[in-house]
Amino acid sequence: MSVSHRIHAIRVATKREIRSTLHGIGLYVVLSLVFLVASYVFANTVLRNVGDAGILALPNPVTLPLIVSTGLAAAYLGLCSSLSISRDRDLGTMEVLFYGPVDAVAYVLGKYFHQLAAYGVVLAFTLVNFYGLSVVTNVGFSLEIAGIMLLSVFLTSCMVSFGIVLSAGSRRMMVSVILFLGFVLFFLIFSLVHAWVIGAAGRDAASTMVYVRMIMDSLDQVIRWISPVEYYLRGMDAVLRKDTSGYIMSAVSSLLYSAALLAVSVWMLRKKGVRR
Amino acid sequence: MGTARKLARLLSTVALIVALSPVAWAQETESGETALIDAVERVRELTRQAQEAAPDPSQAATQAPAETDGQGRPTLEEQVVYSISVSTGRQYEGTFAPRQMDTIYLLADEYAILNVQKTMVYFWPITGEYMADWFGMSEDVPGRLEILQDGEVIQTLERVPYTYYYPSGRTGEQRLYIGDEAIQVYEDYQARFNAYFDAVSAYFVEYQEWQRTMDRLLREVQETGVYKDPSEIPDPPERPSPPVDFAYNPRTAFAVKLPAGRYQLRLRGEDGGIVEGTTKTLEVFKARRSGIGYQVIPEHKWTRRFESNDPSDIFYLDGKRIFYVLPHYAEEYNQYQYVKMRYLHKPLEGEGTRNAWIWAQLAPVTGARLQVLHGGEVVQEVEMKPYYVRQRPGYALGYDIVEFDPKADPALQGRSPSFEAYRVELEGDRTYQLRFVDERGNVLAGSVREVRPIRAPGRLVYAIPLVPLVAGSIVFAWRRWSAGRSPASA
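Residues numbered from 1 in each chain as written. Chains lettered and ligands numbered in written order. Predicted model: local features only at pLDDT ≥ 70, side-chain atom pairs only at ≥ 80, totals over all residues. Heavy atoms only, no water.

**Focus: the packing of helix H6 (residues 143-169) of chain A against helix H10 (residues 244-272) of chain A**
What describes two packed helices is the angle between their axes and the distance between those same axes. Residues and elements named next belong to chain A. Interhelical geometry of H6 versus H10 gives an angle of 20° and a closest axis separation of 8 Å. As judged from the angle between their axes, H6 and H10 are roughly parallel. Note that H6 runs across H10; the crossing there is left-handed. Of the residues that constitute the contact of H6 with H10, the class distribution is 17 nonpolar, 8 polar and 1 charged. (Axes fitted to C-alpha atoms, helices over the stretch in contact; angles between N-to-C directions. Helix = DSSP H or I, 4+ residues; strand = E, 2+ residues; numbered from the N terminus. Parallel < 35°, antiparallel > 145°, perpendicular 65-115°, else oblique. Left-handed = near helix turned anticlockwise from the far one by under 90°. Nonpolar A, V, L, I, M, F, W, Y, C, P; charged D, E, K, R; others polar.)

**Things to note about the interface of chain A and chain B**
Across the contact, 53 residues belong to chain A and 53 residues belong to chain B. Across the chain A/chain B interface, buried area totals approximately 4400 Å², and carbon plus sulfur atoms make up 62% of it. One can count 1 salt bridge joining chain A with chain B. Of the charged contacts, one joins A:Asp237 and B:Arg288 as a salt bridge, the two residues approaching to 3.1 Å between their closest N and O atoms. Between the two partners, chain A and chain B, sit 17 residue pairs in polar contact (both at pLDDT 80 or more). In terms of residue count, the dominant contributor to the side of chain A that touches chain B is helix H2 (residues 26-53) of chain A (16 residues). Split by residue class, the side of chain A that touches chain B holds 30 nonpolar, 14 polar and 9 charged. Alignment of strand S1 (residues 55-58) of chain A against strand S17 (residues 314-317) of chain B, held across 4 bridges, turns out to be antiparallel. Bridge pairing in S17(B) links A:Ala57 to B:Phe315. (Contact = heavy atoms within 4.5 Å. Buried area = accessible area lost by both parts, 1.4 Å probe. Salt bridge = Lys/Arg side-chain N within 4 Å of Asp/Glu carboxyl O. Polar contact = N/O pair within 3.5 Å; in protein donor to acceptor, adjacent residues only side chain to side chain. Pairing = 2+ DSSP bridges.)

**Thoughts on the domain arrangement of chain B**
All names here are of chain B. Looking at the assigned domains, one finds that chain B contains domain 1 (2-54 + 179-241), domain 2 (58-167 + 249-285), domain 3 (289-453) and domain 4 (458-490). If you average the C-alpha positions of domain 2 and of domain 3, the two centres end up 36 Å apart. Each partner contributes to the interface: domain 2 provides 24 residues, whereas domain 3 provides 16 residues. Taken over both partners, the interface formed by domain 2 and domain 3 buries close to 1800 Å², and the fraction arising from carbon and sulfur atoms is 62%. On the domain 2 side of the interface with domain 3, the three residues burying the most area are Arg90, Tyr105 and Phe285, jointly 34% of the side's total. Our count for the domain 2 to domain 3 interface comes out at 1 salt bridge. For Glu93, the salt bridge is made with Arg342, and the minimal N-O distance between the two is 2.8 Å. (Domains from an automatic or database assignment.)

**Some remarks on the nonpolar core**
With 83 residues, the main nonpolar core has A:Phe42, A:Phe130 and A:Met159 as its most contacted residues. The contact partners of A:Met159, leaving out residues within four places of it in the chain, are A:Ala74, A:Ala75, A:Gly78, A:Phe180, A:Val184, A:Pro228 and A:Val229. Counting residues in each nonpolar core, the second largest holds 41 residues, with B:Ala112, B:Val121, B:Ile147 and B:Val256 among its members. (Core = buried A, V, L, I, M, F, W, Y, C linked by side-chain atoms within 4.5 Å. Buried < 20%, exposed > 50% of the residue type's maximum accessible area, 1.4 Å probe, protein only.)

**A look at the sheet that holds strand S21 (residues 377-382) of chain B**
Pairing between the strands of a sheet comes from backbone hydrogen bonds, and it takes one of two forms, parallel or antiparallel. An order of S1(A)-S17(B)-S26(B)-S25(B)-S20(B)-S21(B) is seen for the 6 strands of this open sheet, with the pairing classed as mixed. The two strands at the open ends of the sheet, each matched to only one other strand, are S1 of chain A together with S21 of chain B. Each adjacent strand pair in this sheet contributes to an overall mean axis angle of 25°, direction not counted. Sheet analysis places strand S20 (residues 369-374) of chain B next to strand S25 (residues 432-437) of chain B, joined by 5 bridges and oriented antiparallel. By the bridge assignment, B:Val372 is partnered in S25(B) with B:Leu434.

Structure (structure tokens):
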């Protein structure tokens, strides 16, 4: 299949799918729910703490709810990509498409760009929501926030690729959904617990806590390369430190991660075939 | 460090008490100037002996404490170890690398004192650390220290004299001097020390003379019944003040200062061979970020200070606030390396923190001014001043923080300030910037902080998230409406 035909197929598939996403109500409902959760976290942590303390020094408090929102939105789109491929296989749509001018590369990239385009809409609403929040509370909307928003595109790229590779590797929709949710939850919980264990346990930590920390640190040496959340957190750390090279490194490594997973998805689709 | 100070202070106190007894006795019995001078000389000698016997402060930190006596029988093992004294930015701290530790951690471009010594080592399971009996055995292993990088010897070091000097006393600032400078600093200190005792000798002689004059005047008044004119009564001699500074007796060790990188260390003995157990990896690391840390004392709860080291921090205020700022230099290090550098003799310290980062407080910022900016313009310039926390009298709770000025307020005479800081008073209605500038007006890097008053948004905080839902509903309704109007639908 020629490159121009493939690009055309990707464009048509992406356009069709994004139109369907934008015309449905699902994405908007999910976004509102995610933003409500973020607002609840924001109002009950930062605003309340500043009110209680009178004066506090913090990194921009919008950062935490922003991470929660973009993380949940990226996970939702990753789940959608996983569901979409599994559904296409279950319904036989995939087989029909592959009889036409669509091959594994065009199909996988079509799904990938569809979710990225959907994330463009998510990002627009995220910008409106957090800019609005920062204006009404006067917490400030800095360049770092914009940097984190941009970085979330790469998180979404990783999440979507992760969803695609799981659904390409499993024949049943339920299996791919369970695998995706299981992995994402594990990665999220691991990152949270790892950060808590390091932050909560001081120098004089009990030896049990030190051993827990050592185990988590060893696990982190592996998980940091396979978890999309870890790529995002590294990039976010670079944003807060104003480390441009670290930021670019995080973005590039996220893209390489996505490219590797998409390549594996194409290989799996070719190897396993497209039939139910 | 604390143990060393306590020990040195104890020795000095005992020496002074023992030696001052004959001084008092000599005064009481008026046994003459010779006895007094002899007594002062004894004090001088005992104090000097106590000072010279004071252990190296870095080794005292890892010395087996007396409390461990009788708490089990640890297995002592004679080992060749690296005794290590490292700068934490505020002071030098001690640790050591027993045989079991393969890697030594040091700060880049800072002097560290390393020594290769034979001592008795044991593992103390109660606190989970290796301890050394430095007081019982501490023998320098002769030789030269070789530092290698990529298999090539890049430096060969001989032992040099070093000393720790405390310009404002043992609890204050600590400085490390190396080589001839160390000897010079110690000799200067000794000269001041001797001058003090010479002055003490002279004082006691003058005091005795004054006492004799007073006795004579008193006798005359008793015999004649005529009071003396006040101008005839001599002033007593002034007691000399001891030197406030302190310098340790110089010792010799290897002074290591390297740029960041990974090296190997080993001791080449006098016979030309490598001394067994001295080959170690040396990891020299530097700060990831540096800046000015703020220690903040809110006026409404002055005992609850908090820190802001990260330059990306923003100060959020709830209404008008008064707070006090104590600035210090701060650097961010890898937590694992920083903790291992300070506590290498504690194997579990810092484990599991290879990817964590920690801010270390260094020396306080001195001679700077705090500027408050609004809209890019300096609206306040604040100097550092001493403040006193005064409890309100009576049954009412509370306190006032007042500027410490004993001349203006006699109630403060004889008291010390509670703290010295920059006082900032900000209205909670606009955004400000805080920054420190030096004497020439240059902004200190990493000292800028934004200050924002926070607003309570009420229910609006939950209304904004509904924007996507409203937008989605409009799109959905429009789609249904346009589908209803399309020819296919008709």
